[in-house]
Amino acid sequence: MITFLENRVIPVLIRVGENKILVAVRNGIALTLPFTITGSLFLILANLPIPGWTDWLGPYAEKLSAPVAVTFGAIGLISAIGISYNLAKEYSLNALTCAIVTMVVFLLAQLNDKYQLNVDNLGAAGLFSAIILSILTVQIVRLFIHHNVVIKLPDGVPPAVAQSFASLIPAAVAITLIWFVRVILNFDINQFFTLILSPLVTGLGSLPGMLVLIFLISLLWCCGIHGDNVLSGITAPIFLKYIAENTQAYLHHQPIPHITADGFYIVFMCLGGTGATLGLVMAMMRSRSKLYKSVGKLSLPSAIFCINEPVIFGCPIVFNPLLMIPFTLTPMILCISTYALMYFDIIGRPVLQIPWTMPPIFAAWFVTGGNIPAVIWSVCTIAISALVWLPFFKLAERKQLETEAAEEHSRREAEKLPDPIL
């Protein structure tokens, strides 16, 4: 099975993860994090789950929520700039020029039927068109630069001026193209891209879709590849769109629409990191094996902040058929149970974006806007992680103890020392 994965499956997934466009999408989407997390902090302050808090704030509650409209309400625009900037760097183009041209193209695509800017599309509603238009704009600039169809000025002209004129033709072509499609043809670009990508959006919004995603991420990690990074170029825009819509619903005290929004996977399925390895680290710290005990102690500090490379490569889990099973099974069990609890509104759904390195329990409180049942469930997920990992770890520990005993026996034989009395 491992040979089949190495030769057939993994190379395909690696090529997907290393694709320049997907890398640019992933890095560009990451540019939104400082803004959405900052907006979430203001939203938390304005809506602390304390009786009478909103009444005590009075008119200041609305003022505290104002940055939310500027941060979450602009993630489409920010993503367009970030994606085009990173994609231009991948192609060794002038990144700033491509980012500015993309910004203009994106804003032009968001005009309504009266040719006025529809500000609602600057946020999550315009995220998919931001991705496509960013890629399209950079490709147009790349095409003209590659074929040297640019305006060249004499060598004595300042570089800034020369660069402006060099980008004139590709910028004019990109802007004219979008103007023709949106204004002359009256074609809603934003709605079209949303419709085209709706099957993928629907898939990742469902329980089966999440289970498939978790399986692929776990599979990549078990082969020594950062599964989250490889697939985030595809998944990050969708989860970001979900959390932005959830935040807006939370801000207006409406029902929360999405379960699998950003935070669902990382907070409730990645305890200690991908594979919910916090339970494994806890078991390793009490191990009789010298190797496992030392790896467990070294892994605990990073595991608290959802970083588990030390345990994945130190245990190791990579290419370990025994530990690959709980590494995949644990997050799947947590996904099914968490999805069910959120579906029946037993625990709160993600409404705020938080740093992925936030420790468990605290992360559950912040991501759900202070939902106490979600915090209690977070404690339960740690226990479930430990229970699922324990029997598999005990089997691995038994083998490791036999190996260590054999090595100790060989060492004593070499040094002519008697074996210790057991």
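Residues numbered from 1 in each chain as written. Predicted model: local features only at pLDDT ≥ 70, side-chain atom pairs only at ≥ 80, totals over all residues. Heavy atoms only, no water.

As annotated in an unreviewed UniProt entry, the protein chain carries the name Permease IIC component and comes from Lelliottia aquatilis. Per its UniProt entry, the protein chain bears the Subcellular location (unreviewed entry) comment "Cell membrane". Its UniProt record gives the protein chain a comment under Function (unreviewed entry), which states: "The phosphoenolpyruvate-dependent sugar phosphotransferase system (PTS), a major carbohydrate active -transport system, catalyzes the phosphorylation of incoming sugar substrates concomitant with their translocation across the cell membrane." (UniProt positions renumbered as here; feature names shortened; annotations may be inferred.)

(A) Up close: the overall build of the protein chain. If you tally the helices and strands in the protein chain, you get 22 helices and 0 strands. Judged by the C-alpha coordinates and their principal axes, the protein chain covers about 90 × 60 × 40 Å. Considering only residue pairs separated by 6 or more positions, the protein chain has 71% of its internal contacts joining residues 24 or more positions apart. Of the roughly 20,500 Å² that the protein chain leaves accessible, carbon and sulfur atoms contribute 69%. Averaged over its 23 positive side-chain charges, the protein chain has a centre that lies 3 Å from the centre of its 22 negative ones. (Helix = DSSP H or I, 4+ residues; strand = E, 2+ residues; numbered from the N terminus. Contact = heavy atoms within 4.5 Å. Areas by Shrake-Rupley, 256 points an atom, 1.4 Å probe, with all protein chains shown as cover. Lys, Arg positive; Asp, Glu negative; His and termini not counted. Charge placed at Lys NZ, Arg CZ, Asp CG, Glu CD.)

(B) Region of the structure containing the side chain of Thr277. Tracing the backbone through its elements, the reader meets Thr277 in the loop between helix 16 (264–268) and helix 17 (278–285). A relative accessible area of 0% means that Thr277 is categorised as buried. Here Gly272 takes part through its backbone oxygen, which lies 3.4 Å from a polar atom of the side chain of Thr277. If sequence neighbours within four positions are ignored, Thr277 has contacts with Leu271, Gly272, Asn308, Val311, Ile317, Phe327 and Trp389. (Buried < 20%, exposed > 50% of the residue type's maximum accessible area, 1.4 Å probe, protein only. Polar contact = N/O pair within 3.5 Å; in protein donor to acceptor, adjacent residues only side chain to side chain.)

(C) Main features of the pattern of salt bridges. Scanning the model with the defined rule gives 4 salt bridges in all. For Glu245, the salt bridge goes to Lys241, with nearest N and O atoms at 2.9 Å. Taken together, the residues Glu245 and Lys241, both in helix 15 (residues 227–251) and 4 residues apart, mark about one turn of the helix. We classify Lys241 as buried; its relative accessible area is 9%. Here Asp345 and Arg349 are joined by a salt bridge, their closest N and O atoms 3.7 Å apart. Accessibility expressed as a relative area gives 58% for Asp345, which makes it exposed. (Salt bridge = Lys/Arg side-chain N within 4 Å of Asp/Glu carboxyl O.)

(D) Main features of the packing of aromatic side chains. Overall, the coordinates contain 7 aromatic pairs when judged by the stated rule. Where Phe264 meets Tyr339, the ring centres are 6.4 Å apart and the plane angle is 85 degrees; that geometry is what we call edge-to-face. A residue pair is termed long-range when its members are at least 10 positions apart, and Phe264 in helix 16 and Tyr339 in helix 20 (residues 321–343) qualify at 75 residues. Pair check on accessibility: Phe264 and Tyr339 agree, each one buried. With 5.0 Å between their ring centres and 85 degrees between their planes, Trp365 and Phe366 make a pair best called edge-to-face. Residue classification places Phe366 among the partly exposed positions, given a relative accessible area of 26%. Taken together, the aromatic side chains of Phe264, Tyr339, Tyr343 and Phe344 make up a single cluster linked through ring pairs. (Phe/Tyr/Trp six-rings, centres within 6.5 Å; stacked < 30°, edge-to-face > 60°.)

(E) Looking closely at the packing of helix 20 against helix 22 (residues 372–415). Following both chains from N to C, one finds helix 20 and helix 22 inclined at 160 degrees, their axes separated by 10 Å at the closest point. Considering the angle they form, helix 20 stands roughly antiparallel to helix 22. Like other packed secondary-structure pairs, helix 20 and helix 22 cross with a definite hand, here right-handed. Across from Leu322, Leu323, Ile325, Pro326, Phe327, Leu329, Thr330, Ile333, Leu334, Ser337, Thr338 and Leu341 in helix 20, the residues of helix 22 making contact are Trp377, Thr381, Ile384, Ser385, Val388, Trp389, Phe392, Phe393, Leu395 and Ala396. The class makeup of the residues in the contact of helix 20 with helix 22 is 17 nonpolar, 5 polar and no charged. (Axes fitted to C-alpha atoms, helices over the stretch in contact; angles between N-to-C directions. Parallel < 35°, antiparallel > 145°, perpendicular 65-115°, else oblique. Left-handed = near helix turned anticlockwise from the far one by under 90°. Nonpolar A, V, L, I, M, F, W, Y, C, P; charged D, E, K, R; others polar.)

(F) Spotlight on a nonpolar patch on the surface. The grouping of Trp179, Phe180, Ile184, Leu185, Phe187, Phe192 and Ile196 at the surface amounts to a nonpolar patch, some 660 Å² of accessible area in total. At the level of secondary structure, the elements contributing two or more residues to the nonpolar patch comprise helix 11 (168–184) and helix 12 (189–196). Secondary-structure assignment places Trp179 in helix 11. Owing to a relative accessible area of 39%, Trp179 belongs among the partly exposed residues under this scheme. (Patch = residues over 30% accessible without salt bridge, like charges linked within 9 Å, V, L, I, M, F, W, Y side chains within 5 Å.)

(G) Representation of the environment of Val101 in the model. As for its position among the elements, Val101 is in helix 8 (residues 95–109). By relative accessible area, Val101 is classed as buried at 8%. Taking the C-alpha atoms as reference points, Val101 and Pro359, separated by 258 residues in sequence, lie 40 Å from one another.

(H) Region of interest: the confidence of the model for the protein chain. Across the protein chain, the average pLDDT comes to 87, with 95% of residues at or above 70. Here helix 1 (residues 2–17) stands out as the element of the protein chain with the lowest mean pLDDT, 69, in contrast to helix 16, whose mean of 95 is the highest. (pLDDT = per-residue confidence, 0-100.)

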